[in-house]
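Here are the chains, one letter per residue:
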There are 2 protein chains.
Amino acid sequence: MNQSMSMERYTRIRQLLKMRQPDLTVCLEEVTKAHNVSAVIRTCDAVGVHKVHAVWNEPENLRKCTAMGSDVWVKTQLHNTIQQAIGHFKEQGMQVLVTHLDDNACDFRDIDYTKPTVVLLGQEKTGATPDAIALADHSIIVPMVGMVQSLNVSVAAAIVMYEAQGQRQAAGMYEVQSLDEQECQLTLFKGGFP
Amino acid sequence: MNQSMSMERYTRIRQLLKMRQPDLTVCLEEVTKAHNVSAVIRTCDAVGVHKVHAVWNEPENLRKCTAMGSDVWVKTQLHNTIQQAIGHFKEQGMQVLVTHLDDNACDFRDIDYTKPTVVLLGQEKTGATPDAIALADHSIIVPMVGMVQSLNVSVAAAIVMYEAQGQRQAAGMYEVQSLDEQECQLTLFKGGFP
Ligand SMILES: C[S@@+](CC[C@H](N)C(=O)[O-])C[C@H]1O[C@@H](n2cnc3c(N)ncnc32)[C@H](O)[C@@H]1O
Ligand SMILES: C[S@@+](CC[C@H](N)C(=O)[O-])C[C@H]1O[C@@H](n2cnc3c(N)ncnc32)[C@H](O)[C@@H]1O
């Protein structure tokens, strides 16, 4: 029984690793509430993000994040500063999008998410930092027609990530394995499947 | 100063009432966490929902909801049972969609949201009740390719509501006033603009 359960789990994980989108990710900039971090990580797992990035001053948030991510299959990479994080993304040839409530920001649907992409998400109260906004390639906004000033950060993240998922699905990007085989094996090994 | 601020606010509210979508709404079925209720209400305001519906056994949740909704411009209507709620929607000729993690559920993008529509959202732990599922016209699902079993409820709500927003925007439904003028006047009056 135990063995067949673990075989089933192995098969499921093999399958999901095939659909992983290593060139699609988010970067949390000082997002502090555990329920928001948890919701973002669940969404990332659901659209096939392999690794989530974060910049945090408070190491306490890392613990929260790790605990929250325990039921999903997403890695976490920390960066000391937003400059370092964005440098890392640009080295990898990713377009850097910052979600930002600005009249000049472009509609999130006008972006081509089949390109390698990272979406920066800002802190609950203060939003993305001026550095993040200055260094990003584009500011994007989810349009709103009500009285509320902003959406919940995990909600905004999900709306953008599912736009990306829709575009990538239409482009057949979930039908070819993108994660390299070595990373697949390593992930299975670390998950207890040697 | 005070007078010009309130004139500005009046103009803004007049404008948003013009874009309200009275035939698009959600119904929360025993969603219990305040931060989820709050996030759903913010999203509803942002896509132009005029009134949110809820079925709650615990009156305490109503207080939470009212407090959470204070910074937005969305009304709340409570129903004693999900049967009564769904009866109310069907009387108004709405299609009733239940978000439900079932293999037979249809992809949320395959729905025509330009029709009068209500989206039922289930409780955080247990999901939508069997009654809700039985009485709804369609079960819909947001596809997931990871290990996580489900999305956060406010996240799922937002993904579906922004699909509706996109379809309605494309159909020009934000360019004509749908809320009847009497309801507009009443809303402005209650908001302190006689
Ligand atoms: C609650 S908002 C921050 C609000 C802050 N007062 C500001 O002006 O940025 C927290 C984060 O959610 C995301 N967000 C919220 N609403 C958004 C929208 N409509 N479009 C894009 N991102 C949004 C952004 O990442 C933002 O940094
Ligand atoms: C955390 S889920 C409930 C999980 C519960 N174990 C179940 O099986 O229904 C809470 C609510 O979020 C919504 N939801 C979460 N993920 C969803 C998805 N992928 N598709 C549609 N709705 C979803 C539904 O309204 C659901 O009732």
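Because the structure is a prediction, the values reported are computed rather than measured.

## Comments concerning the sheet that holds strand 1 (residues 24-29) of chain A
Pairing between the strands of a sheet comes from backbone hydrogen bonds, and it takes one of two forms, parallel or antiparallel. All names here are of chain A. Read from one edge to the other, the open sheet built from seven strands follows the order 3-2-1-6-4-7-5, with strand pairing classed as parallel. On the outer flanks of this sheet lie strand 3 (75-79) and strand 5 (106-107), each paired with one strand and no other. Here five bridges tie strand 1 to strand 6 (residues 117-121), and the two strands are oriented parallel to one another. Bridge pairing links Thr-25 to Val-118 in strand 6.

## Some words on the sheet that holds strand 6 (residues 117-121) of chain B
Residue and element names in this part refer to chain B. An order of 3-2-1-6-4-7-5 is seen for the seven strands of this open sheet, with the pairing classed as parallel. Edge positions in the sheet fall to strand 3 (75-79) and strand 5 (106-107), since each has one partner strand and no second. Judged from the four bridges that link them, strand 4 (residues 95-99) and strand 6 form a sheet pairing that is parallel. Within strand 6, the position partnered with Leu-97 by the bridge is Val-119. On top of the sheet, helix 4 (residues 82-91) reaches strand 1 (24-29), strand 2 (51-55), strand 3, strand 4 and strand 6; it is set at about 170° to strand 1, its chief contact.

## Re the site of ligand 2
The environment of ligand 2 is formed by 19 residues, the closest being B:Thr99, B:Gly122, B:Glu124, B:Val142 and B:Leu151. Of the chains in the model, those with residues near ligand 2 are chains A and B. The contact in question runs from an oxygen atom of ligand 2 to an N or O atom on the backbone of B:Gly122, over 3.0 Å. For ligand 2, a nitrogen atom lies 3.0 Å from a polar atom in the backbone of B:Leu151. For ligand 2, whose unbound accessible area comes to 560 Å², protein coverage reaches 85%. Those elements that provide at least two residues to the shell around ligand 2 are strand 7 (138-141) and helix 6 (153-170) of chain B.

## As for the pattern of salt bridges
Once the charged atoms of two side chains with opposite charge are near each other, the side chains can pair. Residues and elements named next belong to chain A. The final tally for this structure, using the stated rule, is 10 salt bridges over all chains. Between Asp-23 and Arg-168 there is a salt bridge, with the nearest N and O atoms lying 2.8 Å from each other. Taken together, the residues span a long stretch of sequence, with Asp-23 in the loop between helix 1 (2-19) and strand 1 and Arg-168 in helix 6 (residues 153-170) at a distance of 145 residues. For Asp-23, a relative accessible area of 23% translates into the label partly exposed.

## Section: the relation of the copies chain A and chain B
Between the two copies, chain A and chain B, the superposition gives an RMSD of 0.0 Å; the rotation angle is 180° and the shift along the axis is 0.0 Å. What the rotation and shift describe, once combined, is the action of a two-fold rotation axis.

## Comments concerning the interface of chain A and chain B
Listed as interface residues are 38 residues of chain A and, on the opposing side, 38 residues of chain B. Summed over both sides, the interface of chain A with chain B buries roughly 3,200 Å², with 59% coming from carbon and sulfur. When the area that chain A buries against chain B is broken down by residue, the three leading residues are A:Val145, A:Met147 and A:Tyr162, summing to 24%. Viewed at the interface, chain B and chain A are joined by zero salt bridges. At the boundary of chain A with chain B, the tally comes to 21 residue pairs in polar contact (both at pLDDT 80 or more). Broken down by secondary-structure element, the contributors of at least two residues to the side of chain A that touches chain B are helix 1, helix 2 (34-47) and helix 6 of chain A. Considering each element in turn, the side of chain A that touches chain B owes the most residues, eight residues, to helix 6 of chain A. Partitioning the side of chain A that touches chain B into residue classes produces 20 nonpolar, 11 polar and seven charged.

## Describing the packing of helix 6 of chain A against helix 6 of chain B
For the pair helix 6 of chain A and helix 6 of chain B, interaxial distance at closest approach is 9 Å and the crossing angle is 50°. Our classification of the angle between helix 6 of chain A and helix 6 of chain B gives oblique. Between helix 6 of chain A and helix 6 of chain B lies a crossing of right-handed hand. Across from A:Ser154, A:Val155, A:Ala158, A:Ile159 and A:Tyr162 in helix 6 of chain A, the residues of helix 6 of chain B making contact are B:Ser154, B:Val155, B:Ala158, B:Ile159 and B:Tyr162. Broken down by class, the residue content of the contact of helix 6 of chain A with helix 6 of chain B amounts to eight nonpolar, two polar and no charged.

How each quantity is defined
Residues numbered from 1 in each chain as written. Chains lettered and ligands numbered in written order. Predicted model: local features only at pLDDT ≥ 70, side-chain atom pairs only at ≥ 80, totals over all residues. Heavy atoms only, no water. Pairing = 2+ DSSP bridges. Helix = DSSP H or I, 4+ residues; strand = E, 2+ residues; numbered from the N terminus. Contact = heavy atoms within 4.5 Å. Axes fitted to C-alpha atoms, helices over the stretch in contact; angles between N-to-C directions. Near = heavy atom within 4 Å. Polar contact = N/O pair within 3.5 Å; in protein donor to acceptor, adjacent residues only side chain to side chain. Areas by Shrake-Rupley, 256 points an atom, 1.4 Å probe, with all protein chains shown as cover. Salt bridge = Lys/Arg side-chain N within 4 Å of Asp/Glu carboxyl O. Buried < 20%, exposed > 50% of the residue type's maximum accessible area, 1.4 Å probe, protein only. Least-squares fit on C-alpha atoms with pLDDT ≥ 70 in both. Buried area = accessible area lost by both parts, 1.4 Å probe. Nonpolar A, V, L, I, M, F, W, Y, C, P; charged D, E, K, R; others polar. Parallel < 35°, antiparallel > 145°, perpendicular 65-115°, else oblique. Left-handed = near helix turned anticlockwise from the far one by under 90°.

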